[in-house]
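Chain by chain, the residues:
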Amino acid sequence: MKNLILLEHYYSPSELEDQVRVFVDYYNHDRYHEALNNVMPADVYCGRDLEVLNGVEQIKQKTMLYEGSRNASLRLA
């Protein structure tokens, strides 16, 4: 974050505060964190992490079933 802020010039403290706020919002609500099992910090904080991980697991299972049936049909052709 320090390097990101130093790359730009801010002419008032409010500009810098706005950019820090934008970065913190992105970091907590839009960026997946590998250390949190690829869940966003806001989801963990609000207790939605297990719900998100269950949804991801369901999508993964559906994808595996689809790919397995697709590969089986390709082997027959």
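Residues numbered from 1 in each chain as written. Predicted model: local features only at pLDDT ≥ 70, side-chain atom pairs only at ≥ 80, totals over all residues. Heavy atoms only, no water.

### A short note on the pattern of salt bridges
Argument step 1. Under the criterion given, the structure shown has 3 salt bridges.
Argument step 2. The salt bridge partner of Asp 43 is Arg 48, with a shortest N-O separation of 3.0 Å.
Argument step 3. Relative accessible area serves as the criterion here: at 11%, Asp 43 is assigned to the buried category.
Argument step 4. Taking relative accessible area as the criterion, Arg 48 reaches 36% and is therefore assigned partly exposed.
Argument step 5. With a closest N to O distance of 2.9 Å, Arg 70 and Glu 67 form a salt bridge. Of the two residues, Arg 70 and Glu 67 both sit in helix α4 (residues 49–76), 3 residues apart, roughly one turn of that helix.
Argument step 6. Residue Glu 67 is classed as partly exposed on the basis of its relative accessible area of 29%. (Salt bridge = Lys/Arg side-chain N within 4 Å of Asp/Glu carboxyl O. Buried < 20%, exposed > 50% of the residue type's maximum accessible area, 1.4 Å probe, protein only. Helix = DSSP H or I, 4+ residues; strand = E, 2+ residues; numbered from the N terminus.)

### Some points on the side chain of His 33
Argument step 1. Positionally, His 33 belongs in the loop between α2 (13–29) and α3 (41–45).
Argument step 2. At 3.1 Å, the side chain of His 33 and the side chain of Arg 31 are in polar contact.
Argument step 3. Not counting residues within four places of it along the chain, the set of residues in contact with His 33 comprises Tyr 27, Asn 38, Val 39 and Pro 41. (Polar contact = N/O pair within 3.5 Å; in protein donor to acceptor, adjacent residues only side chain to side chain. Contact = heavy atoms within 4.5 Å.)

### Side note on the confidence of the model for the chain
Argument step 1. Predicted confidence across the chain gives a mean pLDDT of 87, with 88% of residues reaching 70 or more.
Argument step 2. Mean pLDDT across the elements of the chain bottoms out in helix α1 (residues 2–6) (54) and peaks in α3 (94). (pLDDT = per-residue confidence, 0-100.)

### Overview of the side chain of Asp 43
Argument step 1. Positionally, Asp 43 belongs in helix α3.
Argument step 2. In this view, Asp 43 contacts Arg 48, Asp 49 and Val 52; residues no more than four positions away in its chain are not counted.

### Observations regarding the environment of Tyr 26
Argument step 1. For Tyr 26, the location among the structural elements is in helix α2.
Argument step 2. Considering only alpha carbons, one finds Tyr 26 and Met 40, 14 residues apart in sequence, at a separation of 9.9 Å.

### Some details on the packing of aromatic side chains
Argument step 1. Applying the stated rule across the entire model yields 2 aromatic pairs.
Argument step 2. The interplanar angle of 50 degrees and the centroid separation of 6.5 Å between the aromatic rings of Phe 23 and Tyr 26 together place this pair among those described as tilted. Taken together, the residues Phe 23 and Tyr 26, both in helix α2 and 3 residues apart, mark about one turn of the helix. (Phe/Tyr/Trp six-rings, centres within 6.5 Å; stacked < 30°, edge-to-face > 60°.)

### Focus: unusual backbone geometry
Argument step 1. Within the chain, Asn 37 stands out as a residue other than glycine whose phi angle is a positive 60 degrees.
Argument step 2. With respect to the helices and strands, Asn 37 occurs in the loop between α2 and α3.
Argument step 3. With a phi angle near 60 degrees, Asn 38 is a residue other than glycine that sits in the positive phi range.
Argument step 4. On the secondary structure map, Asn 38 appears in the loop between α2 and α3.
Argument step 5. Assessed through its relative accessible area of 48%, Asn 38 is described here as partly exposed.

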